[in-house]
Amino acid sequence: MKKIHIKKGDTVYVNAGNDKGKTGKVLSVVPSKDRAIVEGINMVSKHTKPNSKQPQGGIVKQEAGIHISNLNLIDPKSGKPTRVGYRLDGDKKIRYAKKSGEEIK
């Protein structure tokens, strides 16, 4: 299993692709495919058949996965993109921002 530096609920910065420069909140992470679904990023049009929710059917806009290598965590102190480090605090492993050294909750 690969090490993924992003978790659900984190605020991330997109550093590559069509949405470069945007930020958003991580809705879910798919470790097997190295992808994350980020709120408002990488929007795609999905064609849906009629169902009880949408009797007409139609086209729905929704987020698609984006590769985690194209995402950086936002530093809680400065609000800028940063890399993630890990350190042991007693017997707990915590994440911290490499730029400021601030702990990421």
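This text follows the structure it describes.
Everything numeric in this text was worked out from a predicted model, so none of it was measured. (Residues numbered from 1 in each chain as written. Predicted model: local features only at pLDDT ≥ 70, side-chain atom pairs only at ≥ 80, totals over all residues. Heavy atoms only, no water.)

A. Region of interest: the side chain of aspartate 10. Checked against the element boundaries, aspartate 10 lands in the segment before β1 (11-14). Note on aspartate 10: relative accessible area 7%, which makes it buried. Engagement of the side chain of aspartate 10 in a polar contact is seen with the backbone nitrogen of lysine 7, the distance being 2.8 Å. In contact with aspartate 10, other than residues within four places in its own chain, are His5, Gly24, Lys25, Val26, Leu73, Arg95 and Lys105. (Helix = DSSP H or I, 4+ residues; strand = E, 2+ residues; numbered from the N terminus. Buried < 20%, exposed > 50% of the residue type's maximum accessible area, 1.4 Å probe, protein only. Polar contact = N/O pair within 3.5 Å; in protein donor to acceptor, adjacent residues only side chain to side chain. Contact = heavy atoms within 4.5 Å.)

B. Structural view of the pairing of strand β9 (residues 84-89). Sheet topology note: the β9/strand β10 (residues 92-97) ladder contains six bridges and is antiparallel. Counted as the bridge partner of valine 84 is alanine 97 from β10. Hairpin connection, β9 to β10: the antiparallel pair is bridged by two residues, and glycine 90 has positive phi, about 75°. (Pairing = 2+ DSSP bridges.)

C. Spatial organisation of the pattern of salt bridges. Applying the stated criterion to the full structure yields two salt bridges. With a closest N to O distance of 2.9 Å, arginine 95 and aspartate 10 form a salt bridge. Of this pair, arginine 95 sits in strand β10 while aspartate 10 sits in the segment before β1, and the two are 85 residues apart along the sequence. Neither residue differs from the other here; arginine 95 and aspartate 10 are each classed as buried. (Salt bridge = Lys/Arg side-chain N within 4 Å of Asp/Glu carboxyl O.)

D. Molecular detail of the environment of proline 55. Mapped onto the elements, proline 55 comes out in the loop between β4 (43-48) and β5 (58-63). When its relative accessible area of 63% is taken as the criterion, proline 55 is described as exposed. Counting along the chain gives 20 residues from proline 55 to aspartate 75, while the straight-line C-alpha distance between them is 44 Å.

E. Up close: the nonpolar core. Within the largest apolar cluster, 15 residues are counted, with the highest numbers of intra-cluster contacts made by Ile6, Val12, Val26, Val38, Ile66 and Leu71. Counting only elements with at least two residues in this core, the list comes to β1, β3 (35-38) and β7 (71-74). (Core = buried A, V, L, I, M, F, W, Y, C linked by side-chain atoms within 4.5 Å.)

F. Region of the structure containing the packing of aromatic side chains. Counted according to the given criterion, the structure contains zero aromatic pairs. The ring of tyrosine 96 carries arginine 87 above its face, with NZ or CZ at 4.3 Å from the centroid. Taking the ring centre of tyrosine 86 as reference, the NZ or CZ of lysine 93 above it sits at 4.8 Å. (Phe/Tyr/Trp six-rings, centres within 6.5 Å; stacked < 30°, edge-to-face > 60°. Lys NZ or Arg CZ within 6 Å of the ring centre and 35° of its normal.)

G. Region of interest: a negative patch on the surface. Taken together, the side chains of Asp89, Asp91, Glu102 and Glu103 make up a negatively charged region of the molecular surface. Mapped onto the fold, glutamate 103 is located in the segment after β10. For glutamate 103, a relative accessible area of 35% translates into the label partly exposed. (Patch = residues over 30% accessible without salt bridge, like charges linked within 9 Å, V, L, I, M, F, W, Y side chains within 5 Å. Areas by Shrake-Rupley, 256 points an atom, 1.4 Å probe, with all protein chains shown as cover. Lys, Arg positive; Asp, Glu negative; His and termini not counted. Charge placed at Lys NZ, Arg CZ, Asp CG, Glu CD.)

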